[in-house]
Amino acid sequence: LNWLSAVKLHTQIPFVNILILALDRGVYKSLKKRGISSILLNNDDLIRPNTQFRSSASHVWIKRCTVTRLLNHWGYDVIMMDLDAIIFKDPRLLFESFSGSDIIGSRGTFPRDLYHKWGLALCMGVVMFRSTS
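Attention in this report is confined to the structure presented alongside it. Predicted, not measured: the structure shown is a model, and the values here were computed from it. (Residues numbered from 1 in each chain as written. Predicted model: local features only at pLDDT ≥ 70, side-chain atom pairs only at ≥ 80, totals over all residues. Heavy atoms only, no water.)

## Quick notes on the layout of surface pockets
Roughly 1200 Å³ of volume is contained in the largest pocket. The wall of the largest pocket is formed by 33 residues, among which I18, L19, I20, I79 and M80 lie closest to the centre. Only α1 (2-10), β1 (21-22), α2 (25-33), α4 (56-73) and β3 (78-81) provide two or more residues apiece to the lining of the largest pocket. Among the elements that line the lining of the largest pocket, the one with the most residues is α4, at 6 residues. (1 Å grid on protein atoms, 1.4 Å probe; cavity = no way out; pocket = protein on both sides within 12 Å on 5 of 7 lines; lining within 4 Å. Points joined across faces, edges and corners; volume = space filled by probe spheres on them. Helix = DSSP H or I, 4+ residues; strand = E, 2+ residues; numbered from the N terminus.)

As structure tokens, then:
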């Protein structure tokens, strides 16, 4: 929960509009025990059994993309942060300086095959997806 403590200490982000998705039961129970609201999102909630995307790495991305797309469709902008992304400044200030952009993030190098093919990749540690028409 270091990221949550850092957000509370270093930013003015209101905690009324934060959705925490727990991707496994252990994290969900740990958050609940601490009084932190979250939603448990099981593999079977979004991914049919016996599909090729059942690996732990694949299901995380399927869940993140599906939930982000739904929230955008419903009119919400989504700022996504990895648990290991420690925030020292409110990222919304930076995102607001790119008001004409729909997706804002930093440059990454993973997945390597796409990075080599396209010459860039998007780091998903802290990223914003705007709801646009």
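This is not the end of the story, as more comes after the structure.
## Considerations on the sheet that holds β3
Within the open sheet, the 3 strands sit side by side as β3-β5-β4. Their pairing is antiparallel. This sheet does not close on itself; its edge strands, each paired only once, are β3 and β4 (103-108). Between one strand axis and the next, the sheet turns through 40° on average, direction left out of account. With 4 bridges connecting them, β3 and strand β5 (residues 121-129) associate as antiparallel partners. (Pairing = 2+ DSSP bridges. Axes fitted to C-alpha atoms, helices over the stretch in contact; angles between N-to-C directions.)

## Some thoughts on the environment of G26
Within the secondary structure, G26 sits in helix α2. Taking relative accessible area as the criterion, G26 reaches 47% and is therefore assigned partly exposed. For the pair G26 and L40, spaced 14 residues apart in the sequence, the C-alpha separation amounts to 9.7 Å. (Buried < 20%, exposed > 50% of the residue type's maximum accessible area, 1.4 Å probe, protein only.)

## A closer look at the environment of K29
One can find K29 in helix α2. On the basis of relative accessibility, which here comes to 52%, the residue K29 falls in the exposed class.

## A look at a nonpolar patch on the surface
Among the surface-exposed residues, L70, W74 and Y76 lie close enough to one another that they form a single nonpolar patch of about 370 Å² accessible area. Mapped onto the fold, Y76 is located in the loop between α4 and β3. Taking the relative accessible area as the measure of exposure, Y76 reaches 51% and is therefore exposed. (Patch = residues over 30% accessible without salt bridge, like charges linked within 9 Å, V, L, I, M, F, W, Y side chains within 5 Å. Areas by Shrake-Rupley, 256 points an atom, 1.4 Å probe, with all protein chains shown as cover. Salt bridge = Lys/Arg side-chain N within 4 Å of Asp/Glu carboxyl O.)

## Some remarks on the side chain of N72
With respect to the helices and strands, N72 occurs in helix α4. On the accessibility criterion, N72 (12% relative accessible area) is buried. Those residues within four positions of N72 in sequence are excluded, and the remaining contacts are D77, V78, F129, R130 and S131. (Contact = heavy atoms within 4.5 Å.)

## Things to note about α1
Given 3.6 residues to a turn, an α-helix orients residues that are three or four positions apart in the same direction. Residues W3, L4, A6 and V7 constitute the buried set of α1. The buried residues of α1 occupy an angular sector of 160° when the element is viewed end-on, so they sit on one face. Exposed and facing more than 90 degrees away from the buried side of α1 are N2, K8 and L9. (Arc of directions from axis to C-beta.)

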